[in-house]
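Listed below are the residues making up each chain.
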Amino acid sequence: MTKRRVSILGATGSIGQNTIDLIARDPDHYDVVALTGARNIGQLARDAIKLNADIAVTAHDDLLDDLRAALAGSGVQAAAGQAALDEAAARPADWVMSAIVGAAGLAPGMAALAQGATLALANKESLVCAGALIKATAATHGARILPVDSEHSAVFQALIGENIAAVERIIITASGGAFRDWPIADLANASLAQASSHPNWDMGQRITIDSASMFNKAMELIETREFFEVSPSQIETVVHPESMIHALVGFNDGALMAHVGPPDMRHAIGFALHWPTRKTLPVARLDLVQIGALTFRAPDETRWPALRLAREVMERGGMAGAVFNAAKEIALDGFIGGHIQFTQMADIVAVVLDTANRDGGALNASHIDATMTLDNVREVNHLARKAAQAAIKNRAG
Ligand code: NDP
């Protein structure tokens, strides 16, 4: 039996651990090439030894000695730093999970595509910041991108055997996150602990807070536009507190295909792992009678201004997504660090987008409209982060 060569970028995170859970259940089918992480050296080393990976890489140079020590005698190679991450992603593999958090996931994902691997894409920032670039890289190298975000996996599955030209609309559902039922006036005082607890999903802290603010959903709307290449006006959001329907696709004959499943990322990860076949997965089977009812609400852009900002970004195009993401990452750092209130995250992103749409400043419209290359995305990312830091200073000061 030929084993599939797999690598997992962001192996120590929530998506990475769920991916390892699936692979470790079926070790005879996989040859693990590379596992990468950042600060969680103990987990990275344990998994690399358990899965007999060729190499384990931490993003941080200063943690290389710790990683070496943790891997001593195991035969697993250790490496550190950004270049080592890119090199690990470029090692020949059939399937690579892209699950690094943030814009840091873009370059390793591109390296995986450039060696022709199928890229299972969880890292939202890749499509949001550089959709055209990563699609072009995949096309040039004959590589395939499979969505892992549950909403996009759902749309992808609903589209199997369908013609995209017959699609009228794509509806992305949103749980509404931690504050969906809070009075809007209380949101400004939401604490970090309150924002870090999700009613339905067990995920990393950053994405959990982004769910409460709906910046996560905003990213997904932009991803939908990039992945399925439909117009912004065809993409809708609906609040669905039960998180059972992940997305729906509406066709020109009035049919609405919904993907229904338990809130367990191993479904979307497993679908991408086994695509184009389906294999048994260890996820709960839904008992519809017990669930009883599924409910839906209109998304309120006063409560969740991130949705309005996403629409602005989709309409603007170019590298507006990179500006949006960079500003969002810094605003999120600002909230986590206690420098700004929960509701100020959207204010910061709006200010930076506004700056980037004007002419003349350090970050300006010419950056958004420049050719999308990795260097230009990095430049926009850098400038937008600086602009967001300045905006936070203004608010805090
Ligand atoms: P986590 O925060 O749980 O994990 C992030 C991973 O990235 C960890 O392995 C972490 O290493 C690593 N990492 C952190 N910073 C860097 C860096 N600068 N360079 C390289 N590696 C780094 O995130 P999630 O697993 O929740 O999410 C991963 C991606 O998938 C995100 O883009 C998220 O939006 C997306 N996603 C997540 C979903 C979920 O259910 N969690 C659902 C859909 C999409 P370490 O832990 O060792 O520090």
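Data block above holds the structure.
Not measured: the values here are computed from a predicted model.

Peer 1: Would you explain the side chain of Ser 7 in this entry?
Peer 2: Relative to the assigned elements, Ser 7 resides in strand β1 (residues 4–9). Judged by its relative accessible area of 1%, Ser 7 falls in the buried class. If we ignore the near neighbours within four places in the chain, the residues touching Ser 7 are Val 33, Ala 34, Ala 93, Trp 95, Val 96 and Met 97.

Peer 1: In this structure, what is going on with the packing of helix α7 (residues 150–158) against helix α11 (residues 266–274)? I would like to understand it.
Peer 2: Between two packed helices, both the angle of their axes relative to each other and the distance between the axes serve to describe the pair. Here α7 crosses α11 at 50°, and the two axes come no closer than 9 Å. One element, α7, and the other, α11, form an angle in the oblique class. Judged by the sense of rotation from one axis to the other, the crossing of α7 with α11 is left-handed. Here Ser 150, Ser 153, Phe 156 and Gln 157 of α7 lie close against α11, whose contacting residues are His 267, Ala 268 and Phe 271.

Peer 1: Help me understand the pattern of salt bridges, please; the structure alone is not making it clear to me.
Peer 2: Two side chains carrying opposite charge are able to pair once their charged atoms lie near each other. Tallying each qualifying case throughout the model produces 23 salt bridges. Glu 151 is the salt-bridge partner of Lys 217, the closest N and O atoms lying 2.9 Å from each other. Of this pair, Lys 217 sits in helix α10 (residues 215–228) while Glu 151 sits in helix α7, and the two are 66 residues apart along the sequence. On the basis of relative accessible area, Glu 151 is assigned to the buried category, the value being 8%. As a salt-bridge pair, Asp 333 and Arg 206 come within 2.9 Å of each other at their nearest N and O atoms. With Asp 333 in helix α14 (residues 320–336) and Arg 206 in helix α9 (residues 205–213), the pair connects residues that are 127 residues apart, well separated along the chain.

Peer 1: Looking at this structure, how should I read the side chain of Asp 210?
Peer 2: Turning to its location among the elements, Asp 210 is positioned in helix α9. Since its relative accessible area comes to 6%, Asp 210 is described here as buried. Contacts of Asp 210, omitting those with residues within four sequence positions, involve Phe 215, Asn 216, Lys 328 and Leu 332.

Peer 1: Explain the packing of helix α2 (residues 41–50) against helix α3 (residues 64–71) to me, please; I cannot follow it from the model alone.
Peer 2: For the pair α2 and α3, the least separation of the axes is 9 Å and the interaxial angle reads 40°. Between α2 and α3 the crossing geometry is right-handed. Two secondary-structure elements touch here, α2 through Ile 41, Leu 44, Ala 45, Ala 48 and Ile 49 and α3 through Asp 66, Leu 67, Ala 70 and Leu 71. Grouping the constituent residues of the contact of α2 with α3 by class yields eight nonpolar, no polar and one charged.

Peer 1: Quick question: what am I supposed to make of the environment of Asn 216 here?
Peer 2: Tracing the chain through its elements places Asn 216 in helix α10. Along the backbone, Asn 216 and Lys 124 are 92 residues apart, and their C-alpha atoms lie at a distance of 8.8 Å. In this view, Asn 216 contacts Lys 124, Ile 207, Asp 210 and Ser 211; residues no more than four positions away in its chain are not counted.

Peer 1: Quick question: what am I supposed to make of the sheet that holds strand β9 (residues 235–239) here?
Peer 2: Taken together, four strands build an open sheet; the order of strands is β9-β8-β10-β11 and the sheet is mixed. Two strands bound the open sheet, and with one partner strand each, they are β9 and β11 (256–260). On average, each strand axis in the sheet is tilted by 20° relative to the strand beside it, whichever way the strands run. As paired elements, strand β8 (residues 167–174) and strand β10 (residues 245–251) share five bridges and run antiparallel to each other.

Peer 1: I would appreciate a short explanation of the site of the ligand in the present structure.
Peer 2: Near the ligand you find 25 residues, and of these Thr 12, Ser 14, Arg 39, Asn 40 and Glu 125 are the closest. Between the ligand and the protein, one listed contact pairs an oxygen atom with a backbone N or O atom of Gly 10 at 3.3 Å. Interatomic distance of 2.9 Å between a side-chain N/O atom of Glu 125 and an oxygen atom of the ligand. Isolated, the ligand exposes 900 Å² of accessible area, and the fraction of that covered by the protein chains is 84%.

Peer 1: Sorry, what's going on with the pairing of strand β2 (residues 30–37) here?
Peer 2: The side chains of a regular strand alternate between both faces of the sheet. For β2, the buried fraction is high: seven of the eight residues fall into the buried class. Direction of pairing for β1 relative to β2: parallel, over a ladder of four bridges. In the strand pairing of β2, Val 6 is matched with Val 32. For the handedness criterion, the β-α-β arrangement of β1, helix α1 (residues 14–24) and β2 is classed as right-handed. As paired elements, β2 and strand β3 (residues 55–58) share four bridges and run parallel to each other. Paired with Thr 36 across the two strands is Val 57, which belongs to β3.

Peer 1: Before we go on, may I ask you to explain the pairing of strand β4 (residues 77–80) in this structure?
Peer 2: Of the strand pairs in this sheet, β3 and β4 are connected by four bridges, and their pairing is parallel. Within β4, the position partnered with Thr 58 by the bridge is Ala 80. The β-α-β motif built from β3, the intervening α3 and the parallel element β4 has right-handed crossover chirality.

Peer 1: So what exactly am I meant to see when it comes to the sheet that holds β1 here?
Peer 2: Backbone hydrogen bonds hold the strands of a sheet together, and the pairing may be parallel or antiparallel. Spatial ordering of the open sheet is given by β4-β3-β2-β1-β5-β6-β7, a layout of seven strands whose pairing is parallel. The open sheet has two edge strands with one neighbour each: β4 and β7 (145–147). Strand after strand, the sheet turns through a mean of 20° between neighbouring axes, direction not considered. Relative to β7, strand β6 (residues 118–121) runs parallel, the two sharing three bridges. By the bridge assignment for β7, Leu 119 is matched with Ile 145. Against the sheet, α1 contacts β1, β2 and β5 (95–98), and its axis sits at roughly 155° relative to β1.

How each quantity is defined
Residues numbered from 1 in each chain as written. Predicted model: local features only at pLDDT ≥ 70, side-chain atom pairs only at ≥ 80, totals over all residues. Heavy atoms only, no water. Helix = DSSP H or I, 4+ residues; strand = E, 2+ residues; numbered from the N terminus. Buried < 20%, exposed > 50% of the residue type's maximum accessible area, 1.4 Å probe, protein only. Contact = heavy atoms within 4.5 Å. Axes fitted to C-alpha atoms, helices over the stretch in contact; angles between N-to-C directions. Parallel < 35°, antiparallel > 145°, perpendicular 65-115°, else oblique. Left-handed = near helix turned anticlockwise from the far one by under 90°. Salt bridge = Lys/Arg side-chain N within 4 Å of Asp/Glu carboxyl O. Nonpolar A, V, L, I, M, F, W, Y, C, P; charged D, E, K, R; others polar. Pairing = 2+ DSSP bridges. Near = heavy atom within 4 Å. Polar contact = N/O pair within 3.5 Å; in protein donor to acceptor, adjacent residues only side chain to side chain. Areas by Shrake-Rupley, 256 points an atom, 1.4 Å probe, with all protein chains shown as cover. Right-handed = clockwise from strand over helix to strand, strands pointing away.

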